[in-house]
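What follows is each chain in one-letter form.
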Amino acid sequence: MNRWENFVLTDEDLDYGDYDEIKHRLNDPRGALREMIEEQVAEFITDTWPLDQDRLIARQQFERWYRSAVEGDSFFSSFILDGNDRGQNRRLFERQNAEADAYHRQRNVVVAFEQGRSSIQDAMAFQLVPSAFAVPLSHPTPGNGTSGKIETGGNPVSCVPSTEVDPVGAADPNLKLSEALKLYLAYGRAEKLSADGLSTVRLIIQFVVDEFDDPVLFSLTAKDFDKLDQMMAEIPNRNNIPRAAAATLSLRYRYAKEHGWDGLVRLTGETLKKGYHSALSKFFRWAIAKGHFAGEKPVFNFVSGENLTSLPRDSFRGEEVIEIISMPLFTGCDGAARIWKPGDYFIQNHLYWAYIILLLTGLRTGEIGRLRISDFVERDNIWYLDLRGFDPTKGRVPIKDVVSFKTEGSARIMPLHPLILDLGLLDRLAELESIGCDFAFPEWEPYFKPDGEPRWGQPMTKSWAYMNGKTSIVRKDVTLYSTRHFFADLIDNTDLTHRARKRLMGHSNKNDMSTRYGSKTRLTTRDLKELAEVRNPTIDQMSEILLAAKMRSDEGELKAFKPWLNRASWSGYYQQKMALTER
């Protein structure tokens, strides 16, 4: 059979404004495939170092795919062996993959045996770049009329971390603040520091770069720090600022200076103290330790009387919870695209389960979207959600395979409330598993920040912002996070032990020695019974409303609709994730 017989071009592959291009691709599918490969390779070779492990896997999968796709086809013999410009792109791409793979393998060995730890960190912090990634590109992507020629310059840099790097001795007295920021972010990623914390450092240091004209780090004085301390209190939040003027802290600061404060509000004192003041302290502590700054660590503590107070987060009241789960999504909606409009469809989509799981388990919003089916386990007739980086009962695993959490205490095992099971979550998992899906909520689309860090809570945040406008909830001290406070209130109304409460909430026990002993995997039988049998009027009402809707669906009164069983309805992220897994 002709290997190209089933080759199909999608709408995304074609530009409907160019009839000649459409005709060319339809008449020459192999040529079109070659162009697609070349375009993807051109994109990959612009990746910068350090290369994320997931990105490397995607690149390697693509390399294996196009090699197998063209193997044995005479049309592609010249493509594999050619020496033209695009052939150079492909060879550079494969060389980058090989060197990056060698680097990550070496890094894993270093970390696993705890040898050379400082050298690998310094290599990343000082941005030692593998030679294939040190090649400057003198062209845009192929297909734009340029030659695609790749020019090399300078000596190649070894991808093996140097053990001779001395961060203090290597400090540059002319180091710009923007350059120091890059070093700090590389250091933070190597140390696996909090992504949110790194983002805050990036925001406030970029503010200093913008407002102080990217000064040499050694040149900053106490007078500069006093001025910065005052300036931060004059940064407005994003409310009522045009999108183009809200992209950076500096643009927001200048917008307020130019247009005045009518309609604008300042940051909260907590944002300044726990956010930007703290971030600056971390950055300068690191800069001093690395020899990039010679002065005393500056202290930032100014909060203006005009800065807002922070609102304490409150728990949802019982009537608010009932109003939420009485919305059409839970009781009968008008279709997959109209889940907030009443109708005769019963669609237990990812948002349906997310709200229920948040209320009955206290999970953080960012913990739901990346759940795997294998995270749901049964032991002793109790179903759990296994939120750990890896299963220690199966031994050690490579660090790259460990799932990261907000805090150390976030890794935990959470018993599932019986109502979650009664509503049919296990049926969803079984149906997805039967079609080869590894993930609990493949419809979930994470939002990626400019630095590539995924924000898993984004779908819920957008959903809450929309749904909240359709309820009568007007209190300013409740947010989506109030679901977690609601669950905490449920626990407080039981006889669960202090240790059990900390484990269920995913709170750190670092400073609480009494909670660090005993089973690391589950609650005691007594605590399990307390949680499984927790009763209060709100839970009882929730059960009546939710189970009544499910019964109407089981009896055919509501039409059950399961779009997530069709891969076309999966998010782009999970479609790609599963495609890579299956290759």
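Residues numbered from 1 in each chain as written. Predicted model: local features only at pLDDT ≥ 70, side-chain atom pairs only at ≥ 80, totals over all residues. Heavy atoms only, no water.

Quick notes on the overall build of the protein
Stage number 1. The helix and strand inventory of the protein stands at 22 helices and seven strands.
Stage number 2. For the protein, the computed accessible surface area is about 30,600 Å², with 50% contributed by carbon and sulfur atoms. (Helix = DSSP H or I, 4+ residues; strand = E, 2+ residues; numbered from the N terminus. Areas by Shrake-Rupley, 256 points an atom, 1.4 Å probe, with all protein chains shown as cover.)

Observations concerning the pattern of salt bridges
Close approach of charged atoms allows side chains with opposite charge to pair.
Stage number 1. This structure, assessed with the given rule, holds 17 salt bridges.
Stage number 2. With its nearest N and O atoms 3.6 Å apart, the salt bridge here joins Glu43 to Arg55. Separated by twelve residues along the polypeptide, Glu43 in helix α2 (residues 29–44) and Arg55 in helix α3 (residues 53–70) bring together distant segments of the chain.
Stage number 3. For Arg55, a relative accessible area of 28% gives the class partly exposed.
Stage number 4. Taking the shortest distance from any N to any O, the salt bridge between Arg59 and Asp47 comes out at 3.0 Å. Here Asp47 lies in the loop between α2 and α3 and Arg59 lies in helix α3, a separation of twelve residues in the sequence. (Salt bridge = Lys/Arg side-chain N within 4 Å of Asp/Glu carboxyl O. Buried < 20%, exposed > 50% of the residue type's maximum accessible area, 1.4 Å probe, protein only.)

Considerations on the packing of aromatic side chains
Stage number 1. A full pass over the atoms with the stated rule returns 24 aromatic pairs.
Stage number 2. Ring centres of Phe44 and Phe93 lie 5.4 Å apart, and the angle between their planes is 15 degrees; on these two criteria the pair is classed as stacked. Linking Phe44 in helix α2 with Phe93 in helix α5 (residues 85–113), this pair joins segments that are 49 residues apart in sequence.
Stage number 3. Using a relative accessible area of 5% as the deciding quantity, one classes Phe44 as buried.
Stage number 4. Its relative accessible area of 0% is what places Phe93 among the buried residues.
Stage number 5. Just above the ring of Phe212 sits the side chain of Lys227; from NZ or CZ to the centre is 5.5 Å.
Stage number 6. Over the aromatic face of Trp261 sits the side chain of Arg266, whose NZ or CZ is 3.8 Å from the ring centroid. (Phe/Tyr/Trp six-rings, centres within 6.5 Å; stacked < 30°, edge-to-face > 60°. Lys NZ or Arg CZ within 6 Å of the ring centre and 35° of its normal.)

Focus: the pairing of strand β2 (residues 376–379)
Stage number 1. Judged from the four bridges that link them, β2 and strand β3 (residues 382–387) form a sheet pairing that is antiparallel. The partner of Arg379 across the bridge, within β3, is Ile382.
Stage number 2. Between the end of β2 and the start of β3, which pair antiparallel, lie two residues, with Asp380 showing a positive phi angle near 55 degrees. (Pairing = 2+ DSSP bridges.)

Quick notes on helix α14 (residues 350–361)
Stage number 1. Over its twelve residues, α14 extends 16 Å from the first C-alpha to the last, a length consistent with the 16 Å expected when each residue adds 1.5 Å.
Stage number 2. The buried fraction of α14 amounts to twelve of the twelve residues, a majority that puts the element mostly inside the structure.
Stage number 3. Turning to α14, its buried residues number three or more, namely His350, Leu351, Tyr352, Trp353, Ala354, Tyr355, Ile356, Ile357, Leu358, Leu359, Leu360 and Thr361.
Stage number 4. Here α14 starts with a cap whose side-chain oxygen sits 3.1 Å from the backbone nitrogen of Leu351, and that cap is Asn349. (Expected span 1.5 Å × (residues − 1). Polar contact = N/O pair within 3.5 Å; in protein donor to acceptor, adjacent residues only side chain to side chain.)

What about helix α16 (residues 425–434)?
Each turn of an α-helix holds 3.6 residues, which means side chains three or four residues apart point in the same direction.
Stage number 1. Of the residues making up α16, those classed as buried are Leu425, Arg428, Leu429 and Leu432. For α16, the buried positions fall inside an angular range of 95 degrees around the axis, keeping them on one side.
Stage number 2. Considering only its buried residues, α16 is in contact with α14, β2 and α15 (418–422).
Stage number 3. Following α16 by one or two positions, Gly436 has its phi on the positive side, about 85 degrees. (Arc of directions from axis to C-beta. Contact = heavy atoms within 4.5 Å.)

Describing the side chain of Ser463
Stage number 1. Residue position: Ser463 is located in helix α17 (residues 458–468).
Stage number 2. Under the relative-accessibility criterion, Ser463 is labelled buried at 6%.
Stage number 3. Among the polar contacts made by the side chain of Ser463, one reaches the side chain of Tyr355 at a distance of 2.8 Å.
Stage number 4. Once you skip the residues sitting within four places of it in the chain, Ser463 turns out to touch Trp340, Leu351 and Tyr355.

Digging into the packing of helix α8 (residues 195–211) against helix α10 (residues 249–259)
Stage number 1. Between α8 and α10, the shortest axis-to-axis distance is 8 Å and the interhelical angle comes to 55 degrees. For the element pair α8 / α10, the angle class is oblique. Here α8 contributes Leu203, Ile204, Phe207, Asp210 and Glu211 to the contact with α10, which in turn contributes Leu249, Ser250, Tyr253 and Arg254.
Stage number 2. Split into classes, the residues belonging to the contact of α8 with α10 amount to five nonpolar, one polar and three charged. (Axes fitted to C-alpha atoms, helices over the stretch in contact; angles between N-to-C directions. Parallel < 35°, antiparallel > 145°, perpendicular 65-115°, else oblique. Nonpolar A, V, L, I, M, F, W, Y, C, P; charged D, E, K, R; others polar.)

Focus on the confidence of the model for the protein
Stage number 1. When pLDDT is averaged across the protein, the result is 75; 66% of the residues are at 70 or more.
Stage number 2. A low-confidence stretch, residues 1–19 (pLDDT under 50), is modelled with 25 contacts involving residues beyond four sequence positions or located in other chains.
Stage number 3. Considering only residues more than four positions removed or in separate chains, one finds that residues 399–409, a stretch of pLDDT under 50, has 24 contacts. (pLDDT = per-residue confidence, 0-100.)

A word on the nonpolar core
Stage number 1. Judged by nonpolar contacts, the single largest core of 61 residues is most densely connected at Phe330 and Met542.
Stage number 2. When residues in this core are grouped by element, the largest group, ten residues, is from α14.
Stage number 3. Aside from chain neighbours lying at most four places away, what touches Met542 is Val321, Ile322, Ile325, Leu359, Leu360 and Leu419.
Stage number 4. Of all hydrophobic cores here, the second largest spans 36 residues; its members include Leu175, Ile204, Met231 and Phe300. (Core = buried A, V, L, I, M, F, W, Y, C linked by side-chain atoms within 4.5 Å.)

Concerning unusual backbone geometry
Stage number 1. Despite not being glycine, Asp214 has its phi angle at roughly 45 degrees, a positive value.
Stage number 2. Residue placement: Asp214 occurs in the loop between α8 and α9 (222–232).
Stage number 3. For Asn240, which is not glycine, the phi dihedral falls at a positive 65 degrees.
Stage number 4. Within the secondary structure, Asn240 sits in the loop between α9 and α10.

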